[in-house]
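An overview of the molecular structure
So the chains spell out like this:
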Amino acid sequence: MQQISKLGRRPPVLWPLLKRNSLRLVRPHLLAFPHCNSNLTSTAKSAHKGKPSPLEKPDIVTHEPMTELKKNLADNKAHLDAFKDMFVPPSASIADLPSLKRLPSSNILVGPNPVDFRIKQSLFVQASTRVADCPKDGLPEFAFVGRSNVGKSSLINALAQKKEFAETSKKPGKTQVINHYLVNKSWYLVDLPGYGFANVPTDVRSTWNTFTKGYFLRSDSLVCVLLLIDASIPPQSIDLDCADWLGQNKVPITVVFTKCDKTRKKIDGKKLEDNVREFLRLLRKSYDQMPPWIMTSTVTNHGKDSLLQHLHTLRNYWSE
Ligand SMILES: Nc1nc2c(ncn2[C@@H]2O[C@H](COP(=O)(O)OP(=O)(O)OP(=O)(O)O)[C@@H](O)[C@H]2O)c(=O)[nH]1
Ligand SMILES: [Mg+2]
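Residues numbered from 1 in each chain as written. Chains lettered and ligands numbered in written order. Predicted model: local features only at pLDDT ≥ 70, side-chain atom pairs only at ≥ 80, totals over all residues.

For clarity, the threshold we go by: UniProt positions are given in the numbering used here, feature names are shortened, and annotations may be inferred rather than shown by experiment.
By the naming in an unreviewed UniProt entry, the chain is EngB-type G domain-containing protein, taken from Adiantum capillus-veneris. The chain has a UniProt comment under Sequence similarities (unreviewed entry) that states "Belongs to the TRAFAC class TrmE-Era-EngA-EngB-Septin-like GTPase superfamily. EngB GTPase family." UniProt annotates the chain under Cofactor (unreviewed entry) with the comment "Mg(2+)".

This is the structure in structure tokens:
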């Protein structure tokens, strides 16, 4: 069921994750879930009965067990619908569902037990100009991709709590190589060149295509691509195309909305929440199953710990 792509051109599921050393399909328990296309807003509302969805109130913390689900789960199968656009941790079983918690301003559910997800040590390892030169030690990698200026390097700095770790700039196109940052001596954050800045010469554009896309396809240790989307502007087709390409190539993604502090800015009468909702609606058309998504800001640090917690879940699962 999960592998059928729509209209023969849309990507199938980006999730399940690729596990280390194998291209196995996992999460068989999710086959029990209804396959549906309804948009996230209604899902979020049903999962938070009576409470505003995180999209309506992005700063409200909804980090709590879903008690109403617990109450109803046993005798009401329809209640499983509440999970249909949520990201359930890949190792969770149906029995675990009632105890899962939803990370704020996201569709990501995590286990109830506290985990130590913090970055204690980070180190710049190398800048590679060719995919063949990237580290080959087999440690899990999370790659940051998105349009130039979306905030990839800033987010890496925020996660690592180092101001000048990855170079940032107001001018698009700052990062032009593949930068590997080793975290806690056990996994990598990977900063990639951005795509899509204006006036870019065609040869630079095709370099992005072969260089960065080559990295996605050839890295055996890539756990997940963090696709960064600027929430302060309306959905851009180049971002949706990138999501489609990653999906078609079965690269798992997590959509990370950036600049979510820009709540006052309006473009074409649209606010940040409208942009996020619309992007998710368009993304949902492409994906059989909603990829995990989360809203962040490096100005307020909103979503930082939640994102680290999510990466911790994925890393553990990948390494099992
Ligand atoms: N308001 C706000 N600005 C941000 C945020 N994140 C990044 N920025 C700003 O956006 C600009 C671009 O940030 P970078 O981190 O250099 O962007 P990048 O995606 O790495 O860009 P390239 O390396 O060119 O691909 C900088 O001026 C940052 O200060 C955020 O969460 N909120
Ligand atoms: Mg950068």
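There is more to say, and it comes next.
Side note on the nonpolar core
For the record, the criterion: A set of buried residues qualifies as a nonpolar core if it consists of Ala, Val, Leu, Ile, Met, Phe, Trp, Tyr and Cys joined through C-beta atoms within 7 Å. Residues are called buried when their C-beta atom has 20 or more other C-beta atoms within 10 Å, exposed when it has 12 or fewer, and partly exposed otherwise; all C-beta atoms are positioned from the backbone. Only runs of H or I of at least four residues qualify as helices and only runs of E of at least two qualify as strands under DSSP, and these elements are numbered from the N terminus. Delimitation of the domains relies on an automatic or database domain assignment. We call two residues in contact whenever the C-beta atoms placed from their backbones are within 7 Å.
Counting 63 residues, the largest nonpolar core has Phe144 and Leu227 as the members making the most contacts within it. In terms of residue count, the dominant contributor to this core is strand E7 (residues 222-230) (8 residues). Split by domain, this core shows at least three residues from each of two domains, domain 1 (19-110) and domain 2 (122-319). Those residues in contact with Leu227 that sit more than four places away from it in its chain are Val145, Gly146, Cys242, Ala243, Leu246, Ile253, Val255 and Val256.

Observations regarding unusual backbone geometry
Unusually for a residue other than glycine, Lys185 sits at a positive phi of about 55 degrees. Looking at the element boundaries, Lys185 is found in the loop between strand E5 (178-183) and strand E6 (187-191). On the basis of neighbour count, Lys185 is assigned to the exposed category, with 10 C-beta atoms found within 10 Å. One non-glycine residue, Lys250, lies in positive phi territory at about 55 degrees. Checked against the element boundaries, Lys250 lands in the loop between helix H5 (237-248) and strand E8 (253-258).

A look at the packing of H5 against helix H6 (residues 272-286)
Under the convention used in this document: With axes taken as lines fitted to C-alpha atoms, and helix axes fitted only over the stretch in contact, angles between N-to-C directions fall between 0 and 180 degrees. Orientation labels follow simple angle bins: below 35 degrees gives roughly parallel, above 145 gives roughly antiparallel, 65 to 115 gives roughly perpendicular, and whatever is left gives oblique. Note: crossing handedness is left-handed where the near helix turns anticlockwise from the far helix by less than a right angle, and right-handed where it turns clockwise.
The geometry of H5 relative to H6 is characterised by a closest axis approach of 10 Å and an angle of 30 degrees between their N-to-C directions. Taken together, the axes of H5 and H6 lie roughly parallel to each other. Crossing of H5 against H6: the hand is right-handed. Touching Leu240, Ala243, Asp244 and Gly247 of H5 are Leu282, Leu283 and Ser286, all from H6.

Describing the pairing of E5
Residues in a regular strand project their side chains so that they alternate between the two faces of the sheet. Rules: We call two strands paired when DSSP finds no fewer than two bridges between them.
Burial of E5 is extensive: 5 of the 6 residues sit out of reach of the surface. Relative to E5, strand E3 (residues 122-128) runs antiparallel, the two being bridged by 6 bridges. The residue of E5 that forms the bridge with Gln126 is His180. Across 5 bridges, E5 lies against E6 in antiparallel orientation. Bridging from a neighbouring strand, Tyr181 pairs with Leu189 of E6.

Details of the sheet that holds E6
A sheet is described by the order of its strands in space; here 7 strands give the open sequence E3-E5-E6-E4-E7-E8-E9, paired in mixed fashion. Of all strands in the sheet, those bounded by a partner on one side alone are E3 and strand E9 (293-295). Going from strand to strand, the sheet's axes swing by 25 degrees on average, the running direction of each strand aside. Against the sheet, helix H7 (residues 304-319) touches strand E4 (141-146), E6, E7, E8 and E9, its axis set at about 155 degrees to E7.

Remarks on the environment of Lys265
Position of Lys265 relative to the elements: it lies in the loop between E8 and H6. Residue classification places Lys265 among the partly exposed positions, given that 14 C-beta atoms sit within 10 Å. Spatially, the C-alpha atom of Lys265 lies 35 Å from that of Lys120, the residues being 145 residues apart in sequence.

Focus: H7
The following threshold applies: Expected helix span is given by 1.5 Å per residue-to-residue step, counting one fewer step than there are residues.
For H7, which comprises 16 residues, the first-to-last C-alpha distance of 23 Å matches the rise-based estimate of 22 Å (1.5 Å per residue) to within 8%. Residues Ser306, Leu307, Gln309, His310, Leu311, Thr313, Leu314, Arg315 and Trp318 constitute the buried set of H7. Turning to H7, the residues buried within the fold contact strand E2 (109-110), E4, E6, E7, E8 and E9.

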